[in-house]
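# Observations on the three-dimensional arrangement
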Amino acid sequence: MEENPTISKPWKSYHKIGFRYAVIFFILFIIFIDWSVNPILSKLYYYGPLSSLLDSTVSWVGKTIFNIQYLIISPYDGEHNDRTYVYLLYFTIVVIAAIGTIIWSLLDGKRKSYQVLYYWITTTIRYYLAFTMFLFALYKFFKVQFPDLGYYTLTERVGDMSPMHLAWAFFGHSYEYNVFMGLVEAGALLLLFRRTTALGAILTMAALANVIVVNISFDVHAKMYPIALFIMALFLFLRDGGSIVRFFLNGQANSLSIIKAPLYKKQWKRILKMAIKVVVVGYFLIASIKDTAGYQKSNEEHLNAKSGYSGLYDINSFTLNEDTLLIDNPLRWKQLIIGDIMVEAIRFQSDSITFINFKVDKKELLLYGNPTDLSEKIQEVYNELGIADNIYYGMDSILIARKKISRLYLEKIDSTTLQIWGKIKNDSVFIIAKRKPVKINEFRLKKRRFHWVNESSYFY
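A brief report on the enclosed structure follows. Model, not experiment: these values are computed from the prediction.

In this section: the overall build of the chain. Within the chain, the regular secondary structure consists of 15 helices and 9 strands. The 460 residues of the chain split such that 43% are buried. The long-range share in the chain, meaning contacts at least 24 apart out of those at least 6 apart in sequence, stands at 61%. For the chain, the computed accessible surface area is about 25,800 Å², with 62% contributed by carbon and sulfur atoms. A distance of 12 Å separates the average location of the 52 positive side-chain charges in the chain from that of its 38 negative side-chain charges.

With respect to the element layout, proline 75 can be found in the loop between α3 (50-65) and α4 (84-107). In this structure, proline 75 is in contact with Trp35, Tyr45, Arg83 and Tyr85, ignoring residues within four places of it in sequence.

Of all 5 residues in strand β6 (residues 364-368), 5 are buried; the element is thus mostly enclosed. Of the two faces of β6, both are covered, the one formed by Glu364, Leu366 and Tyr368 as well as the one formed by Leu365 and Leu367. In this sheet, β6 lies alongside strand β5 (residues 353-359) in antiparallel orientation, the contact comprising 5 bridges. Counted as the bridge partner of isoleucine 356 is leucine 367 from β6.

For helix α9 (residues 197-217), which comprises 21 residues, the first-to-last C-alpha distance of 30 Å matches the rise-based estimate of 30 Å (1.5 Å per residue) to within 8%. Those residues of α9 lying buried are Thr197, Ala198, Gly200, Ala201, Thr204, Met205, Ala207, Leu208, Ile212, Val214 and Asn215. Check the buried side of α9 and you find it contacts α5 (115-141), α7 (163-173), α8 (175-186) and α10 (224-250). Among the residues trailing α9, aspartate 219 stands out with phi positive, at a value near 50°.

Here we come to the side chain of asparagine 178. Checked against the element boundaries, asparagine 178 lands in helix α8. Each residue touching asparagine 178, except ones within four places of it in the same chain, is listed here: Lys140, Lys143, Phe146 and Phe171.

Here we come to unusual backbone geometry. Even without being glycine, aspartate 219 reaches a positive phi, approximately 50°. Summarising the element assignment, aspartate 219 is placed in the loop between α9 and α10. Judged by relative accessible area, aspartate 219 falls into the partly exposed class, the value being 48%.

What follows covers the nonpolar core. By size, the foremost hydrophobic cluster in this structure holds 64 residues, and its most contacted members are Phe29, Ile125, Tyr128, Leu129, Leu229, Met232 and Phe235. At the level of elements, α1 (13-33), α2 (39-47), α3, α4, α5, α9, α10 and α11 (267-306) are the ones that each hand at least two residues to this core. Of all the elements, α5 adds the most residues to this core, at 13 residues. Excluding anything up to four places from it in sequence, phenylalanine 235 contacts Phe19, Ala22, Phe26, Tyr118, Ile121, Thr122 and Ile125.

For the rest of this paragraph, the subject is the environment of histidine 451. As for its position among the elements, histidine 451 is in the segment after α15 (444-447). Separated by 131 residues in sequence, histidine 451 and leucine 320 place their C-alpha atoms 51 Å apart. Separated by 2.9 Å, the side chain of histidine 451 and the backbone oxygen of arginine 449 make a polar contact.

The subject of this paragraph is the packing of aromatic side chains. Tallied over the full model, the rule gives 34 aromatic pairs. With 5.0 Å between their ring centres and 85° between their planes, phenylalanine 450 and tryptophan 452 make a pair best called edge-to-face. Overall, phenylalanine 450 belongs to the exposed group, its relative accessible area being 60%. Sitting over the ring of tyrosine 309, lysine 412 keeps its end group 5.0 Å from the ring centre. The lysine or arginine in question, arginine 448, covers the ring of tyrosine 458, its NZ or CZ lying 4.0 Å from the ring centre.

Next up on the list: the side chain of serine 406. Positionally, serine 406 belongs in strand β7 (residues 406-412). Residue serine 406 is classed as buried on the basis of its relative accessible area of 7%. Polar side-chain contacts of serine 406 include one of 3.2 Å to the backbone nitrogen of lysine 425.

Here β6 runs beside β7; their pairing, made up of 4 bridges, is antiparallel. Along β7, the bridge assignment pairs glutamate 364 with tyrosine 409. Across 6 bridges, β7 lies against strand β8 (residues 417-424) in antiparallel orientation. Directly across from glutamate 411, in β8, lies its bridge partner glutamine 419. As consecutive antiparallel partners, β7 and β8 are separated by 4 residues.

Another point: α4. In this model, α4 (24 residues) spans 35 Å end to end at C-alpha, consistent with the 34 Å of a helix rising 1.5 Å per residue. Looking only at α4, the buried set comprises Tyr85, Val86, Leu88, Leu89, Tyr90, Thr92, Ile93, Ala97, Thr101, Trp104 and Ser105.

Cut-offs used in this document
- Residues numbered from 1 in each chain as written.
- Predicted model: local features only at pLDDT ≥ 70, side-chain atom pairs only at ≥ 80, totals over all residues.
- Heavy atoms only, no water.
- Helix = DSSP H or I, 4+ residues; strand = E, 2+ residues; numbered from the N terminus.
- Buried < 20%, exposed > 50% of the residue type's maximum accessible area, 1.4 Å probe, protein only.
- Contact = heavy atoms within 4.5 Å.
- Areas by Shrake-Rupley, 256 points an atom, 1.4 Å probe, with all protein chains shown as cover.
- Lys, Arg positive; Asp, Glu negative; His and termini not counted.
- Charge placed at Lys NZ, Arg CZ, Asp CG, Glu CD.
- Pairing = 2+ DSSP bridges.
- Expected span 1.5 Å × (residues − 1).
- Core = buried A, V, L, I, M, F, W, Y, C linked by side-chain atoms within 4.5 Å.
- Polar contact = N/O pair within 3.5 Å; in protein donor to acceptor, adjacent residues only side chain to side chain.
- Phe/Tyr/Trp six-rings, centres within 6.5 Å; stacked < 30°, edge-to-face > 60°.
- Lys NZ or Arg CZ within 6 Å of the ring centre and 35° of its normal.

Shown next as C-alpha coordinates:
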(Lines give C-alpha, C1' and ligand atoms only; values in the text may rest on other atoms or scores of the structure.)
Protein backbone atom coordinates (compact mmCIF):
# COMPACT_ATOMS: atom_id res chain seq x y z
CA MET A 1 0.00 0.00 0.00
CA GLU A 2 1.32 3.42 -0.98
CA GLU A 3 0.37 6.29 1.28
CA ASN A 4 -0.71 9.71 0.07
CA PRO A 5 2.23 11.81 -1.03
CA THR A 6 0.88 14.67 1.02
CA ILE A 7 2.92 15.01 4.21
CA SER A 8 0.64 15.64 7.17
CA LYS A 9 1.58 17.90 10.04
CA PRO A 10 2.82 16.17 13.20
CA TRP A 11 0.04 15.47 15.67
CA LYS A 12 0.15 16.83 19.19
CA SER A 13 0.84 14.30 21.93
CA TYR A 14 -2.67 14.42 23.41
CA HIS A 15 -4.14 13.97 19.92
CA LYS A 16 -2.12 10.81 19.42
CA ILE A 17 -3.01 9.44 22.87
CA GLY A 18 -6.69 10.21 22.41
CA PHE A 19 -6.65 8.66 18.96
CA ARG A 20 -5.04 5.45 20.20
CA TYR A 21 -7.64 5.14 22.93
CA ALA A 22 -10.48 5.81 20.49
CA VAL A 23 -9.25 3.19 18.04
CA ILE A 24 -9.07 0.46 20.69
CA PHE A 25 -12.37 1.39 22.35
CA PHE A 26 -14.38 1.62 19.13
CA ILE A 27 -13.07 -1.66 17.77
CA LEU A 28 -13.78 -3.46 21.04
CA PHE A 29 -17.24 -1.89 21.18
CA ILE A 30 -18.18 -3.06 17.69
CA ILE A 31 -16.92 -6.59 18.30
CA PHE A 32 -18.01 -7.22 21.89
CA ILE A 33 -20.94 -4.87 22.54
CA ASP A 34 -22.72 -4.72 19.21
CA TRP A 35 -22.17 -8.20 17.82
CA SER A 36 -25.91 -8.68 17.29
CA VAL A 37 -26.13 -6.34 14.27
CA ASN A 38 -23.28 -8.06 12.48
CA PRO A 39 -24.25 -11.35 10.77
CA ILE A 40 -20.70 -12.69 11.07
CA LEU A 41 -20.11 -11.76 14.69
CA SER A 42 -23.56 -12.96 15.74
CA LYS A 43 -22.74 -16.45 14.46
CA LEU A 44 -19.36 -16.27 16.18
CA TYR A 45 -21.20 -15.36 19.39
CA TYR A 46 -23.85 -18.08 19.30
CA TYR A 47 -21.86 -20.86 17.66
CA GLY A 48 -18.28 -19.90 18.41
CA PRO A 49 -16.13 -18.97 21.40
CA LEU A 50 -17.29 -15.36 21.74
CA SER A 51 -20.16 -15.99 24.15
CA SER A 52 -18.05 -18.18 26.46
CA LEU A 53 -15.20 -15.66 26.43
CA LEU A 54 -17.46 -12.74 27.27
CA ASP A 55 -19.47 -14.61 29.90
CA SER A 56 -16.41 -15.83 31.76
CA THR A 57 -14.72 -12.41 31.59
CA VAL A 58 -17.80 -10.46 32.71
CA SER A 59 -18.52 -12.95 35.49
CA TRP A 60 -14.95 -12.66 36.79
CA VAL A 61 -15.03 -8.84 36.69
CA GLY A 62 -18.42 -8.73 38.42
CA LYS A 63 -17.53 -11.11 41.22
CA THR A 64 -13.85 -10.23 41.73
CA ILE A 65 -13.79 -6.46 41.28
CA PHE A 66 -17.37 -5.43 42.18
CA ASN A 67 -18.26 -8.33 44.49
CA ILE A 68 -21.58 -8.92 42.73
CA GLN A 69 -23.42 -11.84 44.27
CA TYR A 70 -26.67 -11.81 42.31
CA LEU A 71 -27.27 -13.54 38.98
CA ILE A 72 -25.69 -11.72 36.01
CA ILE A 73 -28.00 -12.07 32.99
CA SER A 74 -26.31 -12.42 29.59
CA PRO A 75 -27.73 -10.50 26.60
CA TYR A 76 -28.56 -13.61 24.59
CA ASP A 77 -31.61 -11.88 23.13
CA GLY A 78 -29.35 -9.51 21.20
CA GLU A 79 -30.95 -6.43 22.74
CA HIS A 80 -28.91 -3.51 24.02
CA ASN A 81 -30.37 -3.73 27.50
CA ASP A 82 -28.81 -1.80 30.36
CA ARG A 83 -28.14 -4.98 32.26
CA THR A 84 -25.43 -5.39 34.83
CA TYR A 85 -23.68 -7.60 32.28
CA VAL A 86 -23.52 -4.77 29.73
CA TYR A 87 -22.21 -2.21 32.23
CA LEU A 88 -19.54 -4.65 33.36
CA LEU A 89 -18.61 -5.20 29.72
CA TYR A 90 -18.35 -1.45 29.17
CA PHE A 91 -16.12 -1.19 32.22
CA THR A 92 -13.92 -4.00 30.93
CA ILE A 93 -13.58 -2.37 27.52
CA VAL A 94 -12.74 1.01 29.06
CA VAL A 95 -9.99 -0.57 31.17
CA ILE A 96 -8.59 -2.66 28.31
CA ALA A 97 -8.58 0.40 26.05
CA ALA A 98 -6.68 2.38 28.70
CA ILE A 99 -4.09 -0.38 29.19
CA GLY A 100 -3.79 -0.82 25.44
CA THR A 101 -3.26 2.91 24.98
CA ILE A 102 -0.44 2.95 27.50
CA ILE A 103 1.32 -0.02 25.86
CA TRP A 104 0.78 1.41 22.36
CA SER A 105 2.15 4.80 23.43
CA LEU A 106 5.25 3.23 24.94
CA LEU A 107 5.95 1.12 21.85
CA ASP A 108 5.04 3.71 19.23
CA GLY A 109 5.61 7.02 20.98
CA LYS A 110 7.85 8.49 18.27
CA ARG A 111 5.33 8.27 15.45
CA LYS A 112 4.37 11.75 14.23
CA SER A 113 0.87 10.97 13.00
CA TYR A 114 -1.59 8.22 12.11
CA GLN A 115 -2.93 9.57 8.85
CA VAL A 116 -3.46 6.20 7.13
CA LEU A 117 -4.84 4.52 10.26
CA TYR A 118 -7.14 7.53 10.72
CA TYR A 119 -8.59 6.86 7.28
CA TRP A 120 -9.24 3.19 8.05
CA ILE A 121 -10.73 3.72 11.51
CA THR A 122 -12.99 6.53 10.25
CA THR A 123 -14.03 4.30 7.36
CA THR A 124 -14.90 1.53 9.81
CA ILE A 125 -16.90 3.89 12.01
CA ARG A 126 -18.60 5.59 9.05
CA TYR A 127 -19.79 2.28 7.63
CA TYR A 128 -20.73 0.88 11.01
CA LEU A 129 -22.83 3.94 11.95
CA ALA A 130 -24.41 4.11 8.50
CA PHE A 131 -25.46 0.46 8.59
CA THR A 132 -26.63 0.58 12.19
CA MET A 133 -28.66 3.77 11.81
CA PHE A 134 -30.12 2.55 8.52
CA LEU A 135 -31.24 -0.62 10.28
CA PHE A 136 -33.05 1.48 12.89
CA ALA A 137 -34.55 3.56 10.07
CA LEU A 138 -35.89 0.37 8.48
CA TYR A 139 -37.49 -0.56 11.80
CA LYS A 140 -39.42 2.72 11.52
CA PHE A 141 -40.30 2.35 7.83
CA PHE A 142 -41.60 -1.19 8.35
CA LYS A 143 -43.02 -0.23 11.77
CA VAL A 144 -41.56 -3.16 13.65
CA GLN A 145 -39.87 -1.22 16.46
CA PHE A 146 -43.03 0.67 17.45
CA PRO A 147 -45.89 -1.60 16.29
CA ASP A 148 -49.53 -0.63 16.01
CA LEU A 149 -51.36 -0.37 19.30
CA GLY A 150 -53.05 -3.57 20.37
CA TYR A 151 -55.75 -4.55 22.84
CA TYR A 152 -53.52 -4.50 25.90
CA THR A 153 -52.09 -1.04 25.26
CA LEU A 154 -55.45 0.46 24.27
CA THR A 155 -57.11 -0.79 27.46
CA GLU A 156 -54.25 -0.01 29.85
CA ARG A 157 -54.73 3.00 32.09
CA VAL A 158 -52.09 5.66 31.48
CA GLY A 159 -51.31 5.75 35.18
CA ASP A 160 -50.54 2.03 35.15
CA MET A 161 -48.17 2.21 32.18
CA SER A 162 -44.43 2.08 32.62
CA PRO A 163 -42.64 5.13 31.16
CA MET A 164 -41.23 2.95 28.36
CA HIS A 165 -44.68 1.54 27.54
CA LEU A 166 -46.03 5.09 27.38
CA ALA A 167 -43.27 6.07 24.95
CA TRP A 168 -43.89 3.01 22.78
CA ALA A 169 -47.63 3.81 22.72
CA PHE A 170 -46.87 7.39 21.65
CA PHE A 171 -44.54 6.38 18.84
CA GLY A 172 -46.68 3.40 17.85
CA HIS A 173 -49.78 5.53 17.28
CA SER A 174 -48.46 7.31 14.17
CA TYR A 175 -46.87 5.66 11.16
CA GLU A 176 -46.19 9.09 9.67
CA TYR A 177 -44.04 10.03 12.64
CA ASN A 178 -42.22 6.72 12.31
CA VAL A 179 -41.40 7.58 8.70
CA PHE A 180 -40.11 11.00 9.78
CA MET A 181 -37.86 9.45 12.43
CA GLY A 182 -36.68 6.88 9.90
CA LEU A 183 -35.76 9.54 7.35
CA VAL A 184 -33.70 11.41 9.94
CA GLU A 185 -31.90 8.22 10.97
CA ALA A 186 -31.38 7.23 7.32
CA GLY A 187 -29.42 10.48 6.94
CA ALA A 188 -26.53 8.46 8.37
CA LEU A 189 -26.14 6.91 4.91
CA LEU A 190 -24.30 10.12 4.01
CA LEU A 191 -21.48 8.70 6.12
CA LEU A 192 -20.80 6.16 3.38
CA PHE A 193 -19.15 8.91 1.36
CA ARG A 194 -16.13 10.91 2.50
CA ARG A 195 -17.39 14.14 0.91
CA THR A 196 -20.60 14.09 2.97
CA THR A 197 -19.12 12.77 6.22
CA ALA A 198 -19.53 16.05 8.12
CA LEU A 199 -23.20 16.42 7.16
CA GLY A 200 -23.86 12.76 7.90
CA ALA A 201 -22.21 13.11 11.32
CA ILE A 202 -24.36 16.15 12.16
CA LEU A 203 -27.60 14.39 11.18
CA THR A 204 -26.55 11.26 13.06
CA MET A 205 -25.73 13.22 16.22
CA ALA A 206 -29.09 15.02 16.01
CA ALA A 207 -30.97 11.73 15.63
CA LEU A 208 -29.03 10.07 18.45
CA ALA A 209 -29.42 13.08 20.76
CA ASN A 210 -33.18 12.65 20.48
CA VAL A 211 -32.88 8.91 21.17
CA ILE A 212 -30.70 9.55 24.22
CA VAL A 213 -33.14 12.08 25.70
CA VAL A 214 -36.14 9.80 25.08
CA ASN A 215 -34.38 6.77 26.54
CA ILE A 216 -33.32 8.63 29.67
CA SER A 217 -36.62 10.48 30.12
CA PHE A 218 -38.77 7.38 29.65
CA ASP A 219 -36.43 4.86 31.30
CA VAL A 220 -36.00 2.91 28.07
CA HIS A 221 -33.79 -0.13 28.57
CA ALA A 222 -30.97 1.05 26.27
CA LYS A 223 -29.29 4.23 27.47
CA MET A 224 -25.57 3.58 27.12
CA TYR A 225 -25.83 2.20 23.59
CA PRO A 226 -27.02 5.41 21.84
CA ILE A 227 -24.53 7.41 23.92
CA ALA A 228 -21.69 5.26 22.56
CA LEU A 229 -23.00 5.72 19.00
CA PHE A 230 -23.21 9.48 19.59
CA ILE A 231 -19.56 9.53 20.69
CA MET A 232 -18.64 7.73 17.47
CA ALA A 233 -20.48 10.35 15.38
CA LEU A 234 -18.83 13.10 17.45
CA PHE A 235 -15.44 11.54 16.69
CA LEU A 236 -16.17 11.90 12.98
CA PHE A 237 -17.48 15.45 13.45
CA LEU A 238 -14.45 16.70 15.39
CA ARG A 239 -12.32 16.83 12.23
CA ASP A 240 -14.48 19.62 10.80
CA GLY A 241 -16.11 20.84 13.98
CA GLY A 242 -13.89 23.91 14.37
CA SER A 243 -14.52 25.09 10.81
CA ILE A 244 -18.28 24.57 11.13
CA VAL A 245 -18.45 26.42 14.45
CA ARG A 246 -16.41 29.34 13.08
CA PHE A 247 -18.68 29.52 10.04
CA PHE A 248 -21.86 29.78 12.09
CA LEU A 249 -20.58 31.90 14.99
CA ASN A 250 -17.99 34.15 13.35
CA GLY A 251 -19.25 34.31 9.80
CA GLN A 252 -15.88 33.18 8.50
CA ALA A 253 -15.69 31.52 5.10
CA ASN A 254 -14.45 27.97 5.56
CA SER A 255 -14.07 24.86 3.47
CA LEU A 256 -14.27 21.34 4.80
CA SER A 257 -11.39 19.05 3.98
CA ILE A 258 -12.00 15.54 2.68
CA ILE A 259 -10.43 12.63 4.52
CA LYS A 260 -7.53 11.52 2.35
CA ALA A 261 -7.63 7.91 1.27
CA PRO A 262 -4.53 5.79 0.62
CA LEU A 263 -3.48 5.92 -3.05
CA TYR A 264 -2.89 2.78 -5.06
CA LYS A 265 -0.76 3.06 -8.19
CA LYS A 266 -1.83 -0.30 -9.59
CA GLN A 267 -5.22 -0.20 -11.27
CA TRP A 268 -6.29 -3.64 -10.09
CA LYS A 269 -5.93 -2.51 -6.49
CA ARG A 270 -8.15 0.51 -7.12
CA ILE A 271 -10.74 -1.66 -8.83
CA LEU A 272 -10.59 -4.22 -6.01
CA LYS A 273 -11.06 -1.50 -3.40
CA MET A 274 -14.15 -0.16 -5.19
CA ALA A 275 -15.52 -3.66 -5.71
CA ILE A 276 -15.14 -4.45 -2.01
CA LYS A 277 -17.00 -1.25 -1.10
CA VAL A 278 -19.85 -2.03 -3.49
CA VAL A 279 -20.15 -5.60 -2.18
CA VAL A 280 -20.00 -4.59 1.51
CA VAL A 281 -22.46 -1.72 1.17
CA GLY A 282 -24.77 -3.66 -1.10
CA TYR A 283 -24.76 -6.72 1.12
CA PHE A 284 -25.58 -4.87 4.32
CA LEU A 285 -28.26 -2.66 2.75
CA ILE A 286 -29.98 -5.48 0.86
CA ALA A 287 -29.65 -7.95 3.75
CA SER A 288 -31.00 -5.36 6.21
CA ILE A 289 -34.02 -4.59 4.04
CA LYS A 290 -34.68 -8.29 3.42
CA ASP A 291 -34.37 -9.22 7.11
CA THR A 292 -36.56 -6.33 8.29
CA ALA A 293 -39.21 -7.06 5.65
CA GLY A 294 -39.08 -10.70 6.72
CA TYR A 295 -39.50 -9.66 10.35
CA GLN A 296 -42.55 -7.57 9.45
CA LYS A 297 -44.02 -10.43 7.43
CA SER A 298 -43.40 -12.82 10.32
CA ASN A 299 -45.23 -10.47 12.70
CA GLU A 300 -48.16 -10.20 10.30
CA GLU A 301 -48.34 -13.98 9.88
CA HIS A 302 -48.14 -14.37 13.64
CA LEU A 303 -51.03 -11.95 14.15
CA ASN A 304 -53.07 -13.49 11.34
CA ALA A 305 -52.62 -16.93 12.90
CA LYS A 306 -54.06 -15.55 16.13
CA SER A 307 -56.85 -13.58 14.45
CA GLY A 308 -59.46 -16.17 15.41
CA TYR A 309 -58.50 -15.76 19.08
CA SER A 310 -57.40 -12.11 19.28
CA GLY A 311 -59.33 -9.86 21.61
CA LEU A 312 -60.25 -8.94 25.16
CA TYR A 313 -61.75 -11.73 27.22
CA ASP A 314 -63.66 -11.25 30.45
CA ILE A 315 -63.41 -14.18 32.87
CA ASN A 316 -66.87 -15.66 33.45
CA SER A 317 -65.76 -18.41 35.83
CA PHE A 318 -62.49 -19.39 37.50
CA THR A 319 -62.08 -22.73 39.26
CA LEU A 320 -58.95 -23.37 41.32
CA ASN A 321 -58.49 -26.92 42.63
CA GLU A 322 -62.22 -27.56 42.11
CA ASP A 323 -63.05 -24.44 44.14
CA THR A 324 -64.90 -21.72 42.22
CA LEU A 325 -63.39 -18.36 43.18
CA LEU A 326 -65.63 -15.39 43.86
CA ILE A 327 -65.27 -12.37 41.63
CA ASP A 328 -63.48 -10.31 44.30
CA ASN A 329 -60.83 -12.97 45.00
CA PRO A 330 -57.39 -11.46 44.22
CA LEU A 331 -56.25 -14.79 42.72
CA ARG A 332 -59.06 -14.72 40.19
CA TRP A 333 -58.34 -13.59 36.68
CA LYS A 334 -60.16 -10.46 35.55
CA GLN A 335 -59.26 -10.26 31.89
CA LEU A 336 -57.26 -12.15 29.27
CA ILE A 337 -55.65 -10.27 26.36
CA ILE A 338 -54.61 -12.19 23.24
CA GLY A 339 -53.27 -10.85 19.94
CA ASP A 340 -51.30 -7.76 21.02
CA ILE A 341 -47.92 -7.78 19.32
CA MET A 342 -46.34 -5.80 22.19
CA VAL A 343 -47.93 -7.39 25.25
CA GLU A 344 -50.16 -10.39 25.86
CA ALA A 345 -51.17 -10.69 29.47
CA ILE A 346 -53.63 -11.63 32.17
CA ARG A 347 -55.10 -8.97 34.42
CA PHE A 348 -56.09 -10.04 37.91
CA GLN A 349 -58.86 -8.62 40.08
CA SER A 350 -56.15 -6.86 42.08
CA ASP A 351 -54.99 -5.12 38.83
CA SER A 352 -51.69 -6.99 38.90
CA ILE A 353 -50.67 -8.71 35.68
CA THR A 354 -49.05 -11.91 34.50
CA PHE A 355 -47.51 -12.10 31.04
CA ILE A 356 -48.38 -14.88 28.64
CA ASN A 357 -47.14 -16.35 25.40
CA PHE A 358 -49.93 -17.83 23.29
CA LYS A 359 -48.80 -20.75 21.08
CA VAL A 360 -51.61 -20.78 18.55
CA ASP A 361 -50.45 -23.94 16.74
CA LYS A 362 -50.46 -25.93 19.99
CA LYS A 363 -53.32 -23.97 21.58
CA GLU A 364 -51.15 -23.35 24.64
CA LEU A 365 -50.86 -20.46 27.05
CA LEU A 366 -47.44 -20.16 28.68
CA LEU A 367 -47.61 -18.00 31.83
CA TYR A 368 -44.67 -16.20 33.41
CA GLY A 369 -44.37 -13.50 36.05
CA ASN A 370 -42.52 -10.71 34.27
CA PRO A 371 -39.68 -10.37 31.74
CA THR A 372 -36.99 -9.92 34.39
CA ASP A 373 -38.00 -13.09 36.25
CA LEU A 374 -38.15 -14.99 32.98
CA SER A 375 -34.69 -13.77 31.94
CA GLU A 376 -33.25 -14.88 35.27
CA LYS A 377 -34.80 -18.34 34.95
CA ILE A 378 -33.50 -18.71 31.40
CA GLN A 379 -30.03 -17.60 32.50
CA GLU A 380 -30.04 -20.22 35.24
CA VAL A 381 -30.74 -22.90 32.62
CA TYR A 382 -27.96 -21.64 30.34
CA ASN A 383 -25.52 -21.49 33.26
CA GLU A 384 -26.30 -25.09 34.12
CA LEU A 385 -26.75 -26.69 30.68
CA GLY A 386 -24.80 -24.36 28.39
CA ILE A 387 -25.79 -22.66 25.15
CA ALA A 388 -26.88 -25.07 22.43
CA ASP A 389 -29.68 -25.36 19.89
CA ASN A 390 -31.44 -28.13 21.77
CA ILE A 391 -31.39 -26.00 24.94
CA TYR A 392 -32.59 -22.89 23.11
CA TYR A 393 -35.47 -24.60 21.30
CA GLY A 394 -36.35 -26.73 24.29
CA MET A 395 -36.31 -23.88 26.80
CA ASP A 396 -40.11 -23.82 27.29
CA SER A 397 -40.23 -27.53 28.14
CA ILE A 398 -37.27 -27.20 30.51
CA LEU A 399 -38.86 -24.27 32.38
CA ILE A 400 -42.23 -26.05 32.57
CA ALA A 401 -40.60 -29.21 33.95
CA ARG A 402 -38.90 -27.11 36.60
CA LYS A 403 -42.19 -25.31 37.35
CA LYS A 404 -40.65 -21.97 36.46
CA ILE A 405 -43.43 -21.19 33.99
CA SER A 406 -46.91 -22.70 33.67
CA ARG A 407 -48.63 -24.25 30.66
CA LEU A 408 -52.37 -24.07 30.10
CA TYR A 409 -54.43 -25.39 27.20
CA LEU A 410 -57.37 -23.69 25.55
CA GLU A 411 -60.18 -24.60 23.24
CA LYS A 412 -62.95 -22.65 21.57
CA ILE A 413 -66.42 -23.56 22.77
CA ASP A 414 -67.99 -21.17 20.26
CA SER A 415 -66.92 -18.07 18.30
CA THR A 416 -66.57 -15.93 21.44
CA THR A 417 -65.95 -18.34 24.32
CA LEU A 418 -62.73 -20.01 25.43
CA GLN A 419 -62.32 -22.95 27.75
CA ILE A 420 -58.92 -22.97 29.51
CA TRP A 421 -57.48 -25.69 31.71
CA GLY A 422 -54.20 -26.97 33.09
CA LYS A 423 -51.91 -26.40 36.03
CA ILE A 424 -50.39 -23.24 37.47
CA LYS A 425 -47.45 -24.72 39.35
CA ASN A 426 -49.21 -27.36 41.50
CA ASP A 427 -52.74 -25.95 41.28
CA SER A 428 -55.23 -27.18 38.70
CA VAL A 429 -57.39 -24.51 37.06
CA PHE A 430 -60.45 -24.48 34.84
CA ILE A 431 -61.51 -21.18 33.29
CA ILE A 432 -64.30 -19.92 31.03
CA ALA A 433 -63.48 -16.66 29.20
CA LYS A 434 -65.87 -14.61 27.06
CA ARG A 435 -64.61 -12.27 24.35
CA LYS A 436 -65.88 -8.71 24.60
CA PRO A 437 -67.55 -7.31 21.46
CA VAL A 438 -64.84 -4.69 20.98
CA LYS A 439 -62.98 -4.22 17.69
CA ILE A 440 -59.47 -2.80 17.56
CA ASN A 441 -60.43 0.13 15.32
CA GLU A 442 -63.35 1.20 17.49
CA PHE A 443 -61.16 2.75 20.17
CA ARG A 444 -61.18 6.55 20.09
CA LEU A 445 -57.41 6.69 19.76
CA LYS A 446 -57.60 4.50 16.65
CA LYS A 447 -60.53 6.36 15.06
CA ARG A 448 -59.25 9.90 15.50
CA ARG A 449 -56.83 10.78 12.71
CA PHE A 450 -55.38 13.98 11.26
CA HIS A 451 -57.59 17.07 10.78
CA TRP A 452 -56.49 20.40 9.29
CA VAL A 453 -59.44 22.24 10.82
CA ASN A 454 -60.35 21.90 14.50
CA GLU A 455 -62.93 24.32 15.87
CA SER A 456 -61.82 23.34 19.36
CA SER A 457 -59.12 21.17 20.82
CA TYR A 458 -60.02 17.52 20.56
CA PHE A 459 -58.70 16.85 24.04
CA TYR A 460 -61.15 14.25 25.24
